[in-house]
Amino acid sequence: VDNGTGTIGLLVLNEKGKFIRIKNISYGSYTLLFQDLIPTSDGGFMLTGNVLYNYGPGQRDVFCTKLNRQLNIEWTKIYATGALEEITGIIETKEKGFFMFGYQLDGFTANSRFVKLNAAGDVEWNRLVHFASNSTPYSAVQTYDGGYALTGTELYKFNKKGNLDSKLPLRIF
């Protein structure tokens, strides 16, 4: 949890749930909104969230930090657009990269943001898509063909190059 000093504290537990140690990760003077922590196939973790700034009307950027098994930082990246960005989730891809998703606010309109990262956190492709319903993605999986299926208010499918294949409204029966 960020305590206003740009530090996130992680509790390290063993496989039986026994406390081992506390690990603090510092991000300088940034104020952070923690969003997600996922395990990675190499035994490490991906930590994601948003950076809040003291300047600009509502500017928020996305950060990703790759941690190794010992919770030491391998790399940290901030993905800045100058707009209010929110990450809602991230998954590790079959290629050991990452696929993150969220939204960008433009006035009263929410545009869905989809970003494919390589293993070093470099952007392979980045898509900003406007849906009439202001749909925000909340869950994703990588599909058998290397693309991505996401759910929010709508169900959408991207191919592995980041092109939108389809969009379907969700129906509750």
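Note that the coordinates shown come from a computational prediction; the quantities given were computed from them, not determined experimentally. (Residues numbered from 1 in each chain as written. Predicted model: local features only at pLDDT ≥ 70, side-chain atom pairs only at ≥ 80, totals over all residues. Heavy atoms only, no water.)

**Comments concerning the overall build of the chain**
Here's step 1: When you go through the chain residue by residue, the secondary structure sums to zero helices and 14 strands.
Here's step 2: Moving toward the C terminus, one meets the helices and strands of the chain in the order β-β-β-β-β-β-β-β-β-β-β-β-β-β.
Here's step 3: When burial is assessed residue by residue, the chain has 45% of its 173 residues classed as buried.
Here's step 4: Residue pairs at least 24 apart in sequence account for 33% of intrachain contacts in the chain once pairs closer than 6 positions are excluded.
Here's step 5: A total accessible area of about 9,400 Å² is found for the chain, and carbon and sulfur atoms account for 55% of it. (Helix = DSSP H or I, 4+ residues; strand = E, 2+ residues; numbered from the N terminus. Buried < 20%, exposed > 50% of the residue type's maximum accessible area, 1.4 Å probe, protein only. Contact = heavy atoms within 4.5 Å. Areas by Shrake-Rupley, 256 points an atom, 1.4 Å probe, with all protein chains shown as cover.)

**A word on the nonpolar core**
Here's step 1: Ile38, Met46, Val62, Cys64, Trp75, Tyr79, Ile87, Ile90, Phe98, Met100, Val115 and Leu117 form the largest nonpolar core, which has 12 residues in total.
Here's step 2: Residue contacts for Ile87: discarding those within four places in its chain leaves Gln35, Thr48, Gly49, Asn50, Val62, Met100, Phe101 and Gly102.
Here's step 3: Core analysis: the second largest hydrophobic core is formed by 11 residues, Ile91, Phe99, Phe114 and Leu150 among them. (Core = buried A, V, L, I, M, F, W, Y, C linked by side-chain atoms within 4.5 Å.)

**What to know about a nonpolar patch on the surface**
Here's step 1: On the surface, Leu11, Leu13, Phe19 and Ile22 cluster together into a nonpolar patch covering about 430 Å² of accessible area.
Here's step 2: Elements that contribute at least two residues to the nonpolar patch include exactly strand S1 (7–13) and strand S2 (19–26).
Here's step 3: Assignment of secondary structure puts Leu11 in strand S1.
Here's step 4: We classify Leu11 as exposed; its relative accessible area is 60%. (Patch = residues over 30% accessible without salt bridge, like charges linked within 9 Å, V, L, I, M, F, W, Y side chains within 5 Å. Salt bridge = Lys/Arg side-chain N within 4 Å of Asp/Glu carboxyl O.)

**A word on unusual backbone geometry**
Here's step 1: For Leu71, which is not a glycine, the phi torsion comes out positive at approximately 70 degrees.
Here's step 2: Along the chain, the position of Leu71 falls in the loop between strand S5 (60–67) and strand S6 (73–79).
Here's step 3: Given a relative accessible area of 7%, Leu71 falls into the buried group.
Here's step 4: One non-glycine residue, Lys96, adopts positive backbone phi at about 70 degrees.
Here's step 5: With respect to the secondary-structure elements, Lys96 resides in the loop between strand S7 (84–92) and strand S8 (98–106).
Here's step 6: Note on Lys96: relative accessible area 43%, which makes it partly exposed.

**Details of the side chain of Thr88**
Here's step 1: Among the secondary structure elements, Thr88 is positioned in strand S7.
Here's step 2: For Thr88, a relative accessible area of 12% puts it in the buried group.
Here's step 3: Polar contacts involving the side chain of Thr88 include one to the main-chain carbonyl oxygen of Pro137, which spans 2.5 Å.
Here's step 4: The residues contacting Thr88, other than those within four sequence positions of it, are Gln35, Phe101, Gly102, Tyr103, Thr136, Pro137 and Tyr138. (Polar contact = N/O pair within 3.5 Å; in protein donor to acceptor, adjacent residues only side chain to side chain.)

**Quick word on the pattern of salt bridges**
Opposite charge on two side chains lets them pair, provided their charged atoms get close.
Here's step 1: Under the counting rule described, the total for this entry stands at eight salt bridges.
Here's step 2: Here Lys66 and Glu74 are joined by a salt bridge, their closest N and O atoms 3.9 Å apart.
Here's step 3: Judged by its relative accessible area of 43%, Glu74 falls in the partly exposed class.
Here's step 4: For Glu95, the salt bridge goes to Lys116, with nearest N and O atoms at 3.6 Å.

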